[in-house]
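Reading the structure
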Amino acid sequence: MKQVRPKKNLGQHFLTDLSIARRIADTVDACPDLPVLEVGPGMGVMTQYLVEKPRPFKVVEIDRESVEYLKGTLFKGDESPIIEGDFLRMDLSKVFDGAQFVLTGNYPYDISSQIFFKMIDNRQLIPCCTGMIQHEVAQRIASQPGNKAYGILSVLIQAWYDVEYLFMVDETVFNPPPKVKSAVIRMTRNQTQQLGCDEQLFKRVVKTVFNQRRKMLRVSLKQLVNDLSSVSDHPFMTLRPEQLTIPQFVELTNLVEKLLSSQDGKVEK
C-alpha cells in the first residue's frame, strides 16, 4: 500500500526504527491492565506493538491519509479501533465509556504542551501518560527547582504527576528527520488529590511569574496584585520563580488570593 506523505502542517515525523518503536510501546507496561489510547499513530509503527498487548486499545488520528493507511494495513476488519478526529477537541470521558486509560504516542512537537494540559484537565481519567516529544520539552517537564529548564510545564505537570525521563532518540530515525532530538518520558499520577489552593489561580500565578522568569517575584507579581507593600518582607519576594518548589507555589497562590481579596474584594481568575 502507498506510504503516507508526512505533512508539515501536522508536524508529522514518522519514526522508522522498529526497535525504538517497540521500546516506546513497552513504556505503557508500567501501567498494566488499563486500556490504551495512542495519539497520532501515523503509519502505525508503534501501533503494531501496542495492539499485541492484551488490553483494550484505540487510536486517534486527524490525518485522513493515515486513517486510510491504517484501515488498509493493521485494521482491515469491521471492528476498527480508529477514532478519526482532533485529540484536543475530544471528550475523553467517552473514549472508553468513562474508564481510565493510558495515553501514549509520538506526539507532534507543536501541540505536545496542549496535549499535556488536556491530560492535566482529565487527570482523573489518565493515571499514566507515556510517549515521545521534543528533547528540550522533555527536559522542562522533568526538571527540578533551581534548574534553567524548570518552568511552567515542570510545575503544572509535576503538581499532579511523577515524571520519568526515560531515553533520548536521535533525529536520524525519523522521516523526515526533525531538526532537534527527541526523548521518551512517562508521567504517572501521584497521590495529590487537592493542591490546597485555588487551582485556576495556581495556574495563573505560575504562568505569570514564569513569563518574567528573570525578575524577582516582587516585580513579576505586580502583574496580578497592585499593592505588594504588606508582603514586602516575605521571603518569597526576593526569589525568582525557578527557585520555588510546588508546595511553595501553593503557598504563594494562597498569599496572592488573600491580597486580591483584601484589595479588590474579589479574586479574578
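Up top you'll find the structure we're talking about.
These figures come from a predicted structure and were not determined experimentally.

Comments concerning the overall build of the protein chain
From N to C terminus, the protein chain includes nine helices and nine strands. Judged by the C-alpha coordinates and their principal axes, the protein chain covers about 70 × 40 × 30 Å. With 269 residues in all, the protein chain has 49% of them scored as buried. A separation threshold of at least 6 residues defines the contact pool for the protein chain, and within that pool the share at least 24 residues apart is 69%. Accessible area for the protein chain stands at about 13,200 Å²; split by element, carbon and sulfur atoms hold 47% of it. Considering the protein chain, the positive charge centre built from 34 side chains and the negative charge centre built from 32 side chains are found 5 Å apart.

Some details on helix H3 (residues 64–72)
For H3, every residue scored as buried is listed here: Ser-66, Val-67, Tyr-69 and Leu-70. The buried residues of H3 occupy one face: seen down the axis, they fall within an arc of 165 degrees. Looking at the buried residues of H3, the elements they touch are strand E1 (14–15), strand E3 (57–61) and strand E4 (82–84).

Concerning the packing of aromatic side chains
By convention here, two paired aromatic rings are described through the distance between centres and the angle between planes. Counted by the stated rule, this structure contains four aromatic pairs. Look at Tyr-107 and Phe-116: their rings are 5.5 Å apart centre to centre, the planes differ by 80 degrees, and that puts the pair in the edge-to-face class. The exposure classification of Tyr-107 matches that of Phe-116, with both residues buried. Between Tyr-150 and Phe-210 the ring centres are 6.1 Å apart and the planes differ by 75 degrees, which places this aromatic pair in the edge-to-face class. Of the two residues, Tyr-150 sits in the loop between helix H5 (135–142) and helix H6 (152–158) while Phe-210 sits in helix H7 (residues 199–210), which places them 60 residues apart along the sequence.

Section: the pairing of strand E5 (residues 102–105)
Neither face of E5 is open: one carries Val-102 and Thr-104, the other Leu-103 and Gly-105, and all of them are buried. Across two bridges, the pairing between E5 and strand E6 (residues 128–134) is parallel. Opposite Leu-103, over in E6, you have Cys-129 as the bridge partner.

Observations concerning unusual backbone geometry
In this chain, Asn-175 is followed by Pro-176 through a cis amide linkage whose omega measures -10 degrees. For Pro-176, the position within the fold is in the loop between strand E8 (174–175) and strand E9 (182–189). Phi at Asp-97 is positive, roughly 55 degrees, even though this residue is not glycine. Taking the relative accessible area as the measure of exposure, Asp-97 reaches 77% and is therefore exposed.

The rules behind these values
Residues numbered from 1 in each chain as written. Predicted model: local features only at pLDDT ≥ 70, side-chain atom pairs only at ≥ 80, totals over all residues. Heavy atoms only, no water. Helix = DSSP H or I, 4+ residues; strand = E, 2+ residues; numbered from the N terminus. Buried < 20%, exposed > 50% of the residue type's maximum accessible area, 1.4 Å probe, protein only. Contact = heavy atoms within 4.5 Å. Areas by Shrake-Rupley, 256 points an atom, 1.4 Å probe, with all protein chains shown as cover. Lys, Arg positive; Asp, Glu negative; His and termini not counted. Charge placed at Lys NZ, Arg CZ, Asp CG, Glu CD. Arc of directions from axis to C-beta. Phe/Tyr/Trp six-rings, centres within 6.5 Å; stacked < 30°, edge-to-face > 60°. Pairing = 2+ DSSP bridges.

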